[in-house]
Amino acid sequence: AQSVTQPDIHITVSEGASLELRCNYSYGATPYLFWYVQSPGQGLQLLLKYFSGDTLVQGIKGFEAEFKRSQSSFNLRKPSVHWSDAAEYFCAVGPYTGTASKLTFGTGTRLQVTL
Amino acid sequence: GAVVSQHPSRVICKSGTSVKIECRSLDFQATTMFWYRQFPKQSLMLMATSNEGSKATYEQGVEKDKFLINHASLTLSTLTVTSAHPEDSSFYICSARPLAEPYEQYFGPGTRLTVT
């Protein structure tokens, strides 16, 4: 069965500092990996996704993620955090079957940004 | 483009009543829509996969008679919570898979259901 682990429930960083959110997955086949951001009371916004190719993926809002197959990880990074980045971040995995399928989400990491 | 809306955004209903939540793809056709549920401060859990013109596929543990899903058109799927109870209070989010982009799915803004 597929699963996603986000070991950090809550992270606090200062504005301007770098950020790394951890994500580890378990999946029996080639995974399709995603990072989403959710502001309070809102839906999900896709930050980036990865299936194949370059293992360093660029997304929106200055985020990037690196896929490391040997570590089963897909960590999200941002070199300089802005106060508006405070939100909940979810890593998700799904099967790549040629069509978008149901996703398994991690438990999320809540990011707090201090000024 | 690729906008998914949900209506209502918030709803409060009394215990024992039913409530319907709509999920619409505004600028694309979607043969498949997914319904997720999110408890406070928790992750999203897939409830069911809704396919246009056919019965929904429910995840294990989800009561299909309680959570009725109808996908009557290529732009609309509805989730009806029947005989609602306070434990059904949750944030319900749908996503839609475009007919023209079957490798993508776009999420709606969610519906907050509170059962009193």
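Residues numbered from 1 in each chain as written. Chains lettered and ligands numbered in written order. Predicted model: local features only at pLDDT ≥ 70, side-chain atom pairs only at ≥ 80, totals over all residues. Heavy atoms only, no water.

### Observations regarding the side chain of Ser77 of chain B
All names here are of chain B. Going by this rule: We count a stretch as a helix when DSSP gives it H or I for four or more residues in a row; a strand needs E for two or more, and each element gets its number in order from the N terminus. Side-chain atoms alone can form a polar contact between residues adjacent in sequence; in general such a contact is a pair of N or O atoms within 3.5 Å, and within protein one must be able to donate a hydrogen while the other accepts it. Any two residues whose heavy atoms approach within 4.5 Å at even a single point are treated as in contact.
In this fold, Ser77 is placed in strand 8 (residues 76–81). A distance of 3.0 Å separates polar atoms of two side chains, one belonging to Ser77 and the other to Trp35. Within the structure, the side chain of Ser77 is placed 3.2 Å from the side chain of Ser50, a separation counted as a polar contact. Leaving out residues up to four positions away in the same chain, Ser77 has contacts with Ile21, Glu22, Cys23, Met33, Trp35, Ser50, Ile69, Asn70 and His71.

### Brief notes about the nonpolar core
For the record, the criterion: Among buried residues, the Ala, Val, Leu, Ile, Met, Phe, Trp, Tyr and Cys ones that are joined through side-chain atoms within 4.5 Å form a nonpolar core. Burial classes: relative accessible area under 20% of the type maximum marks a residue as buried, over 50% as exposed, and values in between as partly exposed (1.4 Å probe, protein chains only).
Trp35, Leu48, Leu76 and Tyr89 of chain A are the most contacted members of the largest nonpolar core, which has 26 residues in total. Counting only elements with at least two residues in this core, the list comes to strand 2 (10–14), strand 3 (19–21), strand 5 (31–38), strand 6 (44–50), strand 8 (64–68), strand 9 (73–78), strand 10 (87–95) and strand 12 (109–114) of chain A. Among the elements that line this core, the one with the most residues is strand 10 of chain A, at four residues. With sequence-adjacent residues up to four places away left out, Leu48 of chain A is seen in contact with Leu33, Phe34, Trp35, Val57, Gln58, Gly59, Phe63, Glu64, Ala65, Phe74 and Leu76 of chain A. In this structure, Ile21, Phe28, Ile69 and Val115 of chain B belong to the second largest nonpolar core, which totals 24 residues.

### Topic: the interface of chain B and chain A
Note the following rule: Buried area is understood as the total, over both parts, of accessible area removed when two parts are fitted together, assessed with a 1.4 Å probe. The salt bridge definition used is simple: a Lys or Arg side-chain nitrogen within 4 Å of an Asp or Glu carboxyl oxygen.
Taken together, the contact between chain B and chain A spans 18 residues of the former and 18 residues of the latter. Each partner contributes to the roughly 1,500 Å² buried at the junction of chain B and chain A, and carbon and sulfur atoms together form 52% of this total. The three residues of chain B that bury the most area against chain A are Ser43, Tyr103 and Phe107 of chain B, which together make up 28% of that side's buried surface. The interface formed by chain B and chain A holds one salt bridge in total. One salt bridge connects Glu104 of chain B with Lys49 of chain A, and the closest N-O pair in it is separated by 2.3 Å. Where chain B touches chain A, the interface holds five residue pairs in polar contact (both at pLDDT 80 or more). At the level of elements, strand 4 (30–38), strand 5 (44–51) and strand 9 (90–98) of chain B are the ones that each hand at least two residues to the side of chain B that touches chain A.

### Brief notes about the environment of Phe34 of chain B
All names here are of chain B. Take Phe34: it is sitting in strand 4. Given the relative accessible area of 2%, Phe34 is considered buried. A sequence separation of 75 residues divides Phe34 from Pro109, and the C-alpha atoms of the two residues are 13 Å apart.

### Some words on the pattern of salt bridges
Within the structure shown, the criterion is met by eight salt bridges over all chains. The salt bridge involving Glu64 of chain A is made with Arg77 of chain A; its shortest N-O contact spans 3.3 Å. One end of the pair, Glu64 of chain A, is in strand 8; the other, Arg77 of chain A, is in strand 9, and 13 residues separate them in sequence. For Glu64 of chain A, a relative accessible area of 18% translates into the label buried. Judged by relative accessible area, which is 23%, Arg77 of chain A ranks as partly exposed. Here Arg24 of chain B makes a salt bridge to Glu22 of chain B, at a shortest N to O gap of 3.5 Å. You can call Glu22 of chain B partly exposed: its relative accessible area is 22%. Through salt bridges with shared partners, a single ionic network connects Glu64, Glu66 and Arg77 of chain A.

### Quick look at the state of the cysteines
The test is simple: In what follows, a disulfide is any cysteine sulfur pair within 2.5 Å.
Here the structure, examined in full by the defined rule, presents two disulfides over all chains. With a sulfur-sulfur separation of 2.0 Å, Cys23 of chain A is cross-linked through a disulfide to Cys91 of chain A. Classification of the bridge connecting Cys23 of chain A and Cys91 of chain A rests on its S-S torsion, roughly -65 degrees, and on that basis the disulfide is left-handed. Residue Cys23 of chain A is located in the loop between strand 3 and strand 4 (24–26), and its partner Cys91 of chain A is located in strand 10; the two are separated by 68 residues in the primary sequence. There is a disulfide in this structure between Cys23 of chain B and Cys94 of chain B, and the S-S distance comes to 2.0 Å. Residues Cys23 of chain B and Cys94 of chain B are joined through a disulfide that is right-handed, its torsion about the S-S bond being 80 degrees. You can see Cys23 of chain B sitting in strand 3 (residues 19–25) and its partner Cys94 of chain B sitting in strand 9, a full 71 residues away along the chain.

### Notes on the sheet that holds strand 8 of chain B
Residues and elements named next belong to chain B. How we decide: A pair of strands counts as paired when DSSP detects no fewer than two bridges linking them. Only the stretch in contact is used when fitting a helix axis, every axis being a line fitted to C-alpha atoms; angles between N-to-C directions are given from 0 to 180 degrees.
Ordered by their spatial adjacency, four strands build an open sheet running 1-3-8-7, and the pairing between neighbours is antiparallel. Of all strands in the sheet, those with a lone pairing partner are strand 1 (4–7) and strand 7 (67–73), marking the two edges. Mean inter-strand twist for the sheet, computed between neighbouring axes without regard to direction, equals 15 degrees.

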